[in-house]
Amino acid sequence: MSDKLRKFYITTPIYYVNDKPHIGHAYTTIVADVLARFHRGKLGRDQVFFLTGTDEHGAKVAEAATKANLSPQKFTDQVSARFKDTWKNLAIDYNHFIRTTDASHEKIVVEILKKLKDSGHLYDGDYEGLYCVGCERFISESELVDGKCPDHNRVPEKLVEKNWFFNLQKFLPKIKSAIESGGLAIYPQTRKNEVLGLIDKQALPDFSISRSKQAVPWGIDLPWDKDQKTYVWVDALSNYITALDYPKGKDFEKFWPADVQVLGLDILKFHAVYWPAMLMALDLPSPKKLAIHGYFTIDGKKMSKSLGNAIDPDDLVKIYGAEATKYLILSQFSFGQESDIKVEDFSVKYNADLVNGLGNLVNRVTNMVEKYLAGDIDIKNWPSDLVGQEEIGNLRFKEALGLIWQLIQKDNALIDENKPWQLGASESSGDKAKLKKLLQELIMDLYIIAKSFQAFMPMKSQAIVDIVEAKNVQKPTEPLFPRLNN
Ligand code: MSP
């Protein structure tokens, strides 16, 4: 295999800095973290690059900064730091955190803009529309409810202005064939069909890449038109290559095209159409795969600041710890589906799967090895076949964890059926041999279980591997998953 194939580049979207991260943002990031860890395990640390960051320009940010009585830069420094804190609390192991206000990003975006212009992909025209400051975009009449933007409950402003446009039309046939051939894979299939539908319906007009300074006061200047600022998508999407130091950086050479770009369905069009078109205009290959997850609601309702119902991942970490939180989030929802989150399900699942399932199994088995074999389990060859690995590679996290949990259940049932405490009390050598064989099987299963969920809970995985591999197997002194206080 060539070196170019033996690498893995994975990205999350860069998050808007209007507020602290919520569970929706955390979901995208945790998925990428698990995939990055999974591939690090296979390819080695140096061969994997996991990128996340924050999207910091735009009218909405300028507005929020004014409200907070801060300069936009100070404001974004603060909010961006909150994202970093949350990712730290969740033990997210990214390689690079990009901010669109990084000088290096801004500089490369200017180069990208110049290239797009010089190669004739941009033209100027009049843009006329309803602009919602909340959405940071012009919105269509059909999206309005009672004349207001439904997301922000505000009347949009009418705007006509000169903008620069990107000639998207020219690229659509090529994008269509890349998607159809799988060169640009879109997972799951429903989202692929959705994008192809947009192309077929000709619902994809050229998009504007700039706004007047009045409309967007906080952003990157267009290098050839000082009255205009770069509008969100060219600035934001470029992050995936500016972070690698496009065009000449070593990381760019090594890692582009991205292997998987994870995102939510709300930004599918931008990633599946605008982004490949921009890349084609720059003569660059498209990402290999876009992995699109569904939107989360909380108790059937949209998560929103005004409803105050957003779940803060930091609160979950305080209760369950970083690794259990990641496990609980990925094990409850199938990737790609729209899912409803119920807060009370977290504690039920924590108790069932982790405290009473996995934690209890580790205790039972190590306790018996200590008691009946004096800690000496005598295993010559550790198993190498793990469970659920194909599923993880294919973004089927819940299903992978489900397979691992089948093994835990099988083991608990094996103990109940074989009643090792009776075998242990027996004087017969046949029973003693049977007991040893049973405990060996259980210890090897614990090893398989721990190694199989390594990408989800690396510290817990290592703790279990250390326990079972020890010369003298002992029951853990601290519970792997502490019981909840109430
Ligand atoms: N800044 C843009 C992305 C630019 S990428 C070049 C953006 N930011 S965002 O903060 O609004 O969203 C970032 C990610 O979080 C998206 O993948 C989005 O789908 C995800 N989620 C935001 N709210 C969500 C839910 N309620 N549920 C699931 N995911 C959600 O878009």
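Residues numbered from 1 in each chain as written. Predicted model: local features only at pLDDT ≥ 70, side-chain atom pairs only at ≥ 80, totals over all residues. Heavy atoms only, no water.

(A) Geometry of the sheet that holds strand 14 (residues 296-298). Reading across the sheet, the 3 strands line up as 15-14-16 and stay open at both edges, with mixed pairing between neighbours. Pairing within the sheet leaves two strands with one partner each, and these edge strands are strand 15 (301-302) and strand 16 (339-341). Sheet topology places strand 14 next to strand 16; 3 bridges connect them, and they run parallel. Each residue of the ladder has a partner; that of I298, found in strand 16, is I341. (Pairing = 2+ DSSP bridges. Helix = DSSP H or I, 4+ residues; strand = E, 2+ residues; numbered from the N terminus.)

(B) Up close: the site of the ligand. Lining the immediate surroundings of the ligand are 24 residues, of which I14, D55, G264, D266 and F296 lie closest. Here D266 contributes a side-chain N or O atom positioned 2.6 Å from an oxygen atom of the ligand. One of the side-chain nitrogen or oxygen atoms of Y295 is found 3.2 Å away from a nitrogen atom of the ligand. Taken by itself the ligand offers 660 Å² of open surface, and the protein chains cover 95% of this. Every element with two or more residues in the shell around the ligand is listed here: strand 1 (8-16), helix 1 (23-43), helix 7 (232-237), helix 8 (239-242) and strand 12 (260-264). A per-element tally of the shell around the ligand places strand 1 first, with 4 residues. In the shell around the ligand, the residues fall into 13 nonpolar, 9 polar and 2 charged. (Near = heavy atom within 4 Å. Polar contact = N/O pair within 3.5 Å; in protein donor to acceptor, adjacent residues only side chain to side chain. Areas by Shrake-Rupley, 256 points an atom, 1.4 Å probe, with all protein chains shown as cover. Nonpolar A, V, L, I, M, F, W, Y, C, P; charged D, E, K, R; others polar.)

(C) Representation of the pairing of strand 13 (residues 289-293) within the structure. Counting buried positions along strand 13 yields 5 of 5 residues, so the element is predominantly enclosed. What you see with strand 13 is no split at all: K289, A291 and H293 on one side and L290 and I292 on the other are buried throughout. The pairing of strand 12 with strand 13 spans 4 bridges and is classified as parallel. Residue pairing in the sheet places L263 in a bridge with I292 of strand 13. Following the backbone out of strand 12, through helix 10 (residues 268-281) and into the adjacent parallel strand 13, one traces a crossover that is right-handed. (Buried < 20%, exposed > 50% of the residue type's maximum accessible area, 1.4 Å probe, protein only. Right-handed = clockwise from strand over helix to strand, strands pointing away.)

The values are spatial; any link to function lies outside them.
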